[in-house]
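Single-letter residue listing:
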Amino acid sequence: DGSDAVKKWVLDQKKLLITTAFSGELASPQPIEHDVGVPTLNPSFIEATVPVRKRSPGYPFVFFQGSDYTTSSRVAMSFLWQRGAKRVGFMACSTTSFCTDPIDGAKTFLHVLGGTKVGRDLSLELDESEASIEAKLGKYIDEELAHASKDPSYAPIDWIWFGNTRTTLGRFGRVLAKISAAKKMSPSPKIIANSYGLDEHLFKECGEPCVGVVHGVQPYPTYGDTSIAGMSAIV
């Protein structure tokens, strides 16, 4: 893993690194380790609080210009909560903490906010094909609707946290629109994506299915937004 090599180099060399990777682990200047209780809904729709250990060796020489990914996911949950979201499903890759750590932060923050429920996870890898996404998401949505039919108190997901890159998000957006139309879901679930899922190329890859459906969290102010203190001087 190239990121592990960079981490070791920074710790060994003790040289300043300004990184565009905003992992929460990199944000700690000192060694830290603690357990977090993460509210979780398993594949069988059973709720539990799962203990997860978080640790960082400490990176006193690493800095980045925005909020870390996990803080951004909490901001996203606040956005959904303020809009009355009923349940959030969490869909991201399973192979790197860049994908998984923000989910743990989002779930614990939803529990603090109250009202909006934690939904089930769905693993979609960074190289997941559109056909594979369609098969996995179709099964996931079928299970949501079937469980709501059996248990009227269960609110199916109306929002999705998407934790992958823009390439997978483009495929996912098209698939979600197709499945929602086929199953006559009204309203269709909406998506909120992390900073590396949403960029100026998303519309080219996804098109109309993502318009009004995909929202995003950016970890730093937009260049030229003069409502931000200091922006005029930068411009």
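Structure: see above.
Described in the following lines is the structure provided in the data block. The residue count restarts for each chain, going from 1 along the sequence in the order it is written. Reporting in this predicted model follows two pLDDT cut-offs: at least 70 for local features of residues, and 80 or more for side-chain atom pairs to be given and counted; totals over whole chains, interfaces and linings ignore these cut-offs and use all residues. Note: side-chain values were computed over all heavy atoms of the structure, leaving out hydrogens and water.

1. Overview of the overall build of the protein
Think of it this way: any DSSP run of H or I at least four residues long counts as a helix, any run of E at least two long counts as a strand, and we number them from the N terminus. Secondary structure assignment for the protein yields seven helices and nine strands. Its C-alpha radius of gyration of 19 Å places the protein within 12% of the 18 Å reference for a compact globule of 235 residues. By principal-axis analysis of the C-alpha atoms, the protein measures approximately 55 × 40 × 35 Å. Counting across all 235 residues of the protein, residues that qualify as buried make up 42%. Radius of gyration means the value over C-alpha atoms here, while the globule rule gives 2.2 Å times the residue count to the 0.38 power. The rule is simple: take the accessible area with a 1.4 Å probe, protein chains only, and divide by the maximum for that residue type; under 20% is buried, over 50% is exposed, in between is partly exposed.

2. Digging into the environment of Thr116
Here Thr116 lies in the loop between helix H3 (97–113) and strand S6 (117–123). Overall, Thr116 belongs to the buried group, its relative accessible area being 6%. Here the alpha-carbon distance between Thr116 and Met77, two residues 39 residues apart in the chain, equals 8.9 Å. Any two residues whose heavy atoms approach within 4.5 Å are treated as being in contact. Thr116 has contacts with Trp81, Ala85, Lys86, Arg87, Val88 and Leu110, leaving out every residue within four places of it along the chain.

3. Topic: unusual backbone geometry
The amide bond that connects Ser186 to the next residue, Pro187, takes the cis arrangement and shows omega of 0 degrees. Along the chain, Pro187 turns up in the loop between helix H5 (166–182) and strand S8 (190–193). If you check the backbone angles, Phe45 has positive phi at about 65 degrees while not being a glycine. Among the structural elements, Phe45 can be located in the loop between strand S2 (32–41) and strand S3 (47–56). Residue classification places Phe45 among the buried residues on the basis of a relative accessible area of 16%.

4. Concerning the state of the cysteines
Disulfides are defined as pairs of cysteine sulfur atoms found within 2.5 Å of each other. For the structure on display, the rule yields two disulfides. A sulfur-sulfur separation of 2.0 Å characterises the disulfide bridge that pairs Cys206 with Cys210. Handedness here is read from the sign of the S-S torsion; for Cys206 and Cys210, about 85 degrees, the answer is right-handed. Cys210 gets classed as buried once you look at its relative accessible area, which sits at 8%. Cysteine pairing for the protein (bonded cysteines numbered in sequence order): 1-2, 3-4.

5. Some thoughts on the pairing of S8
Should DSSP find at least two bridges between two strands, the strands are regarded as paired. In the sheet, strand S7 (residues 159–162) pairs with S8 via four bridges, with the strands oriented parallel. Across the sheet, residue Trp161 finds its bridge partner in S8, namely Ile192. With strands facing away from the observer, any crossover in which the path from the first strand over the helix to the second runs clockwise is taken as right-handed. The parallel pair S7 and S8, bridged by H5, forms a crossover whose chirality is right-handed.

6. Some points on the sheet that holds strand S9 (residues 214–216)
Ordered by their spatial adjacency, five strands build an open sheet running S6-S5-S7-S8-S9, and the pairing between neighbours is parallel. One side of each edge strand has no neighbouring strand; the edge strands of this open sheet are S6 and S9. Sheet twist, expressed as the mean angle between neighbouring strand axes with direction ignored, is 25 degrees. As judged from the five bridges shared by strand S5 (residues 87–92) and S6, these two strands associate in the parallel manner. Bridging from a neighbouring strand, Met91 pairs with Leu122 of S6. Contacting S5, S7, S8 and S9, helix H2 (residues 69–82) crosses the sheet at an angle of about 170 degrees to S7. Lines fitted to the C-alpha atoms define the axes, with helices restricted to the stretch that makes contact. Angles between their N-to-C directions range from 0 to 180 degrees.

7. Notes on the environment of Asp35
Mapped onto the elements of the fold, Asp35 is located in strand S2. For the pair Asp35 and Phe162, spaced 127 residues apart in sequence, the C-alpha to C-alpha distance is 24 Å. Beyond its immediate sequence surroundings of up to four residues, Asp35 is in contact with Val52 and Arg53. Polar contacts, as counted here, are pairs of nitrogen or oxygen atoms within 3.5 Å of one another; within protein the pair requires one atom able to donate a hydrogen and one able to accept it, and residues that are adjacent in sequence qualify only if both atoms are side-chain atoms. A distance of 2.8 Å separates a polar atom in the side chain of Asp35 from a polar atom in the side chain of Arg53.

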